Amino acid sequence: MWGAGSPCSSRVSLDGSIQNMGLYKLELELKRGRHLAVRDRGGSSDPYVKFKIAGKEVFRSKTIHKNLNPVWNERTTLVVDCLSEPLYIKVFDYDFGLLDDFMGSAHLHLESLEQQRTIPVNLELTDSQHPDQDLGSLELNVTLTPKHSPVEERRDSTTMLLRRSWKRSTKQQSERRRKSLFWRGIVSIALIEGRDLTPMDPNGLSDPYVKFKLGHQKYRSKTVPKSLSPQWREQFDLHLSEETGGEVEITVWDRDTGRRDDFIGRCQLDLSTLTKEQTHHLQLPLEESRGLLVLLVTLTASAHVSISDLTITPLDDPLERKEIARRYSLLRSFSSLKDVGVVQVKVMRAEGLMAADVTGKSDPFCVLELNNDRLQTHTVYKNLNPEWNKVFTFNVKDIHSVLEVTVLDEDRDRSADFLGRVAIPLLQIRNGEQKSYVLKNKELSGPSKGVIYLEMDVIYNTVKAALRSVVPAEQKYMEEEPKVSKQLLQQNFNRVKRCIMVLISYGAYINSCFEWESTQRSITSFLLFVVGVWNFELYMLPLALLLLLLWNFFCSSNETSETTMEAMFEWDEDEDDKEDKESEHRGLLEKLYAIQDVFVSVQSALDEVASHAERVKNTVNWTVPFLSWLAVTALGAASALLYLVPLRYVVLVWGVNKFTKKLRNPFAINNNELLDFLSRVPSDVQVVQYRELKLDPGQSPSKRGRTNPS
C-alpha cells in the first residue's frame, strides 16, 4: 500500500482550524466528472467519489443517479501535516443493497501543488486491472494553504488546538460508530399503497416496489406487477439511533426482468416532525415525478441494545438480573407485548480460523445478527486465534428468532471476506454455559474452518412468547434475491419428493389393511375403525393430534431425525464434491442432460397438479355436459343421503365396504372413484387439442392440404 512507509504520520481532520507547526489546509472542490465508465445494465452509472489520505476516508461525495457526466460542485476542507502522502481518489457506482462497482481511481500528489492559490486539476481515472481502459476523468479545484499564512492565522485565532482535536478525532469516529449500534426508538412503518404512479413500461403500466433507507438500515417491499396504484400492505420496523439522523430516504422503482430497474421517484420522511407514541397517516408526494405514497408511521421508545466488555455484564450482576427477571415475569405478561425478553451473548474467542490474507493471517471480527438487530466486535489484526471478550445484549421480540454469528476478515479497500458462520435458535440456548461452535459455510450446510466460543443467557416471558408465536414474523430489511441453481433445484425437488413418498408410504400401509395382506393387522384395523366411527365425537380430532404429539415426545428419538437430515445434506455435499471432481471430464451436453432430468421431473409434477385443477374447473363449467350431469346426479344423491342418514352411518358403510371388498372379490382392481371420474374430464390442454378448426371458405382444397394446422 502507498504511504505505508511514509516518514511522516499523516493526520486528517475535518476541522479547518490551524495553529501548530507543519500544518496545511487543503480545500477541495469536486466539480464534475466526464465520460465515466458504464457499470449498469441500462448503459449508465450512479457515481460517487471517495477521498482518502493514508488509507483513511476523509470525504465522500453525494451520489448522482444515471449520469456519466455528473456535476457535484461539492466543497470540503481537510487539514494535513504531511505533504508526502498523496490524496487517493476512488469513483464507485452505487448499487442499492449490493456491492458497489469500482469505476476508477487517481492520485493527487500534494507536494507538487503550488501553495496559496486555487489550482484547477483534471485527473484521469485508471484501473490497475485494466490499464488500457478509458474510464473518464474528474475535474477539481484544489487550494493548499500553509499554516504561516496571515489570513489563516487570523481566521483560526479562536479555534481549539488541532493536536488535541486530532487525538480526539479517531475516538469521536469510533464513538459515532459505537453509538450507531445503540437504538433508542423504533420507527414502525406500514406501507399501504401508491397512487397515480408514472408508467414506465410500454404497456402503460409499471411493476413498482419501494426501497427505504435510514442510516445503514434498508428495507425493500414486494413488487406489485402491472399497476399504477399498487397495494402493498406491508409493515416493518426500523431502529432510530442518535447517529442515523431523522430522515428516511424513500425511492420508488419499476421492476424490469433482464435489465436495470427504472427509477420512478423519491421522497423523504422527516421523523423529527412526528409526535412520538402516535400513529401518523401520511401521504408523501414523489419529488421527481407524479404520484404519492400512503404510509402509517409510529415512533415508539425502545430499550436499547448494547455492547460492552466482560467486566460489564448485566445478567451476571445478581441485582440487575433479578430486575430483568421481574420485568419479564408472568405478572407482567400483558404489558409491552412486543418486548418478549432479553438475550446476552458473550463472544469470547475463536480458534483455527481460515487464513484469508496473502500473509497467511486474517484480520477477523464478528457480526451478530438477531432479525434486523446487528452488532459487531472490534477487529483483531493478523491473528487466526483472536480474543474479543465482548458482551452483547439484544431485546427479544420473537423467541423463535435465530441468532447468527458471522466471522469476517477485514479488508481496507474492499468488502470483508467470509470466514464462517453459526446459527443458534434462541430456544436452544442453555443459560450460563460456555460452548464451542464449529463454524459453517455461508449456506450453513457444511463445515468451514475454525471454532468460536460463546456464552449465552436468555430471559423471556412465556406468555408473551406464546402470543407472539401466532402473529406474522418480522421480515429482514434486505434479503438477497434468489438465483438459479441446479443444486438448489435438485435439493428442493428431492425434499418435496421425500415428503410425497412419506404420504405414499402411509397410503400404502392403509391400503394394505384393505387388501388383507396381514390378517391380524386388517382385523385390528377394522375393529378400531368400527369402534372409532360409532363413538366418534368432534373433540376426538384435536385429541388424536394431542396423542400423536405426546407419543412422539415420549417414544420417538430426535437423534434419528437429525441423522436423517444430516445424511441428506452430506449426500448433497458428496454429490457436489463428485461434480467438482468430474466437472473437468464432463462435457456440456452431459451437464445439460443432468439439468434436463430435474426439469422433466418438475414439469411432469406441475402438469399433474394443473391437470387435476383444470378438470375440476371444467366439470363445473359444463365443458362435457354428460360428465357434469353425472356430477349433478351424484351430488344430489349424496345430499339426500346425508340429509336422511347420519354421517356416522355413511362413513361406517363406506369403511365396511372398503374392508370387505377384497374378501368379497379377491381379484378386484383397486381404484379411486373420484380420480377415475376426473380422469374422464379433459384438461385445458386437451380441450384445445380436441377443438375443431374452422374451415376457411376462401382457401382451395390444395392450399388447405399444404397449410400447417398448427
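Our subject is the structure listed above.
The shown structure was predicted, so the numbers you read here are calculated from the model rather than taken from an experiment.

**Topic: the overall build of the protein chain**
So, point 1. In terms of helices and strands, the protein chain carries 14 helices and 25 strands.
So, point 2. Among the 710 residues that make up the protein chain, the fraction classed as buried is 37%.
So, point 3. Partitioning the intrachain contacts of the protein chain with sequence separation of at least 6 by distance along the chain shows that 66% fall at a separation of at least 24.
So, point 4. A total accessible area of about 42800 Å² is found for the protein chain, and carbon and sulfur atoms account for 56% of it.

**Quick notes on the sheet that holds strand S5 (residues 87–93)**
So, point 1. Overall, antiparallel pairing links the four strands, which are arranged S3-S2-S5-S6 in an open sheet. A strand with exactly one partner marks an edge of an open sheet, and here the two such strands are strand S3 (56–60) and strand S6 (101–108). Strand-to-strand, the axes of this sheet are offset by a mean angle of 25°, without reference to chain direction.
So, point 2. Where S5 and S6 come together, seven bridges link them in antiparallel fashion. Across the sheet, the residue bridging to Tyr 88 is His 107, located in S6.

**Concerning the side chain of Thr 76**
So, point 1. Tracing the sequence through the fold places Thr 76 in strand S4 (residues 71–80).
So, point 2. For Thr 76, a relative accessible area of 13% corresponds to the buried category.
So, point 3. Not counting the four nearest positions on each side in its chain, Thr 76 is found in contact with Leu 26, Glu 27, Leu 28 and Phe 59.

**Thoughts on the pairing of strand S10 (residues 208–214)**
So, point 1. S10 sits mainly inside the fold: six of its seven residues count as buried.
So, point 2. Direction of pairing for S10 relative to strand S13 (residues 247–254): antiparallel, over a ladder of six bridges. Pairing of Phe 212 across the sheet is with Ile 250, part of S13.
So, point 3. Summarising the sheet, S10 and strand S11 (residues 217–220) pair through four bridges and their orientation is antiparallel. Residue pairing in the sheet places Leu 214 in a bridge with Gln 217 of S11.
So, point 4. Between the antiparallel neighbours S10 and S11 lie two residues, among them Gly 215 with a positive phi of about 65°.

**Digging into unusual backbone geometry**
So, point 1. One non-glycine residue with positive phi stands out, namely Asn 73, at about 55°.
So, point 2. Tracing the sequence through the fold places Asn 73 in strand S4.

**Notes on helix H11 (residues 647–664)**
Helical geometry note: an α-helix holds 3.6 residues per turn, so side chains three or four residues apart project in the same direction.
So, point 1. The first and last C-alpha atoms of H11 sit 25 Å apart over 18 residues, in line with the 26 Å expected at 1.5 Å per residue.
So, point 2. Maximum bend of H11: about 30°, positioned at Lys 658.
So, point 3. For H11, the set of buried residues is Leu 652, Gly 655 and Phe 659.

**With respect to the packing of aromatic side chains**
Two numbers describe a pair of aromatic rings. These are the distance of the centres and the angle of the planes.
So, point 1. Counted by the stated rule, this structure contains 10 aromatic pairs.
So, point 2. With a centroid separation of 5.8 Å and an interplanar angle of 25°, the aromatic rings of Tyr 48 and Phe 92 are classed as stacked. Within this pair, whereas Tyr 48 is found in strand S2 (residues 47–53), its partner Phe 92 is found in strand S5, the two being separated by 44 residues in sequence.
So, point 3. Judged by relative accessible area, which is 2%, Tyr 48 ranks as buried.
So, point 4. Residue class for Phe 92 comes out buried when judged on its relative accessible area of 10%.
So, point 5. Measuring from centroid to centroid gives 4.9 Å for Phe 514 and Phe 659, while their planes differ by 80°, and the two rings are edge-to-face. Of the two residues, Phe 514 is situated in helix H5 (residues 486–514) and Phe 659 in helix H11; the sequence distance between them amounts to 145 residues.

**What about the pattern of salt bridges?**
So, point 1. Inspection of every chain in the model, using the stated rule, returns 16 salt bridges.
So, point 2. Residue Asp 256 is joined to Arg 259 by a salt bridge in which the shortest nitrogen-to-oxygen separation is 3.5 Å.
So, point 3. Under the relative-accessibility criterion, Asp 256 is labelled buried at 8%.
So, point 4. Overall, Arg 259 belongs to the partly exposed group, its relative accessible area being 41%.
So, point 5. As a salt-bridge pair, Lys 346 and Asp 316 come within 2.5 Å of each other at their nearest N and O atoms. Residue Lys 346 is located in strand S18 (residues 341–351), and its partner Asp 316 is located in the loop between strand S17 (306–309) and helix H3 (318–327); the two are separated by 30 residues in the primary sequence.
So, point 6. Residues joined in a network through salt bridges with shared partners are Asp 40, Asp 46 and Arg 260.

**What about the pairing of strand S20 (residues 373–376)?**
So, point 1. Burial along S20 is one-sided: Asp 373 and Leu 375 are buried, and none of Arg 374 and Gln 376, which face the opposite way, are.
So, point 2. Bridge count for strand S19 (residues 364–370) against S20 is four bridges, and the pairing is antiparallel. Counterpart to Leu 370 in the pairing with S20 is Asp 373.
So, point 3. Linking S19 to S20, which pair antiparallel, is a turn of two residues; within it Asn 371 sits at a positive phi near 55°.

Calculation notes
Residues numbered from 1 in each chain as written. Predicted model: local features only at pLDDT ≥ 70, side-chain atom pairs only at ≥ 80, totals over all residues. Heavy atoms only, no water. Helix = DSSP H or I, 4+ residues; strand = E, 2+ residues; numbered from the N terminus. Buried < 20%, exposed > 50% of the residue type's maximum accessible area, 1.4 Å probe, protein only. Contact = heavy atoms within 4.5 Å. Areas by Shrake-Rupley, 256 points an atom, 1.4 Å probe, with all protein chains shown as cover. Pairing = 2+ DSSP bridges. Axes fitted to C-alpha atoms, helices over the stretch in contact; angles between N-to-C directions. Expected span 1.5 Å × (residues − 1). Bend = angle between axes of the 7 residues up to and from the residue. Phe/Tyr/Trp six-rings, centres within 6.5 Å; stacked < 30°, edge-to-face > 60°. Salt bridge = Lys/Arg side-chain N within 4 Å of Asp/Glu carboxyl O.

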